[in-house]
Amino acid sequence: MKELMRSSDPTSIAFAKALLQGEGIECFELDVHMSVLEGSLGILPRRLMVADRDHFRATAVLQDNDVDFGR
C-alpha cells in the first residue's frame, strides 16, 4: 500500500474516495478514529491509501479532477 493523500478535511477525502471508486480503484482510509478522537483541531490528518499497482493511476485521477492531495 502507498499513501495517496493526507488531509484534515473529511470532504476532500470523501470526494477523492468517490472519484477512485468510480474508476474501479480500491482505496483504504487510515487514521479515521484518531482524527475523530482529537476533535476538530486538525492535528491528525487522515490518510488515503491505495495498492502499489494503482498508485500512478490514482494520482492521475486526482490531478485530472484538481484534488489537492499534498503534492
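Refer to the structure above for everything that follows.
What counts and how
Residues numbered from 1 in each chain as written. Predicted model: local features only at pLDDT ≥ 70, side-chain atom pairs only at ≥ 80, totals over all residues. Heavy atoms only, no water. Pairing = 2+ DSSP bridges. Helix = DSSP H or I, 4+ residues; strand = E, 2+ residues; numbered from the N terminus. Axes fitted to C-alpha atoms, helices over the stretch in contact; angles between N-to-C directions. Contact = heavy atoms within 4.5 Å. Parallel < 35°, antiparallel > 145°, perpendicular 65-115°, else oblique. Left-handed = near helix turned anticlockwise from the far one by under 90°.

Asker: In this structure, what is going on with the sheet that holds strand E3 (residues 46-50)? I would like to understand it.
Answerer: Strand pairing within a sheet occurs via backbone hydrogen bonds; the two strands may be parallel or antiparallel. Read across the sheet, 3 strands follow the order E1-E3-E2 without closing on themselves; strand pairing throughout is antiparallel. Strands with a single pairing partner mark the edges of an open sheet, and in this sheet they are strand E1 (2-7) and strand E2 (27-30). Here the average twist between neighbouring strands, direction ignored, is 25 degrees. Bridge count between E2 and E3: 4 bridges; the pairing is antiparallel. Across the sheet, Leu30 pairs through a bridge with Arg47, a residue of E3. The strands touched by helix H1 (residues 10-22) are E1, E2 and E3; relative to E3, the strand with the most contacts, the crossing angle is about 10 degrees. Set on the sheet, helix H3 (residues 55-64) makes contact with E1 and E3; between it and E1 the angle comes to about 30 degrees.

Asker: It is not clear to me how the packing of H1 against H3 should be interpreted in this structure. Could you clarify?
Answerer: Helix-helix packing: each pair is described by the crossing angle between the helix axes and the interaxial distance. Across the interface, H1 lies against H3 with an axial gap of 10 Å and an inter-helix angle of 120 degrees. Between H1 and H3, the angle falls in the class oblique. The crossing of H1 and H3 is right-handed. Here Ala16, Leu19 and Leu20 of H1 come into contact with H3, specifically with Ala58, Val61 and Leu62.

Everything listed is a geometric property; what it means functionally is a separate question.
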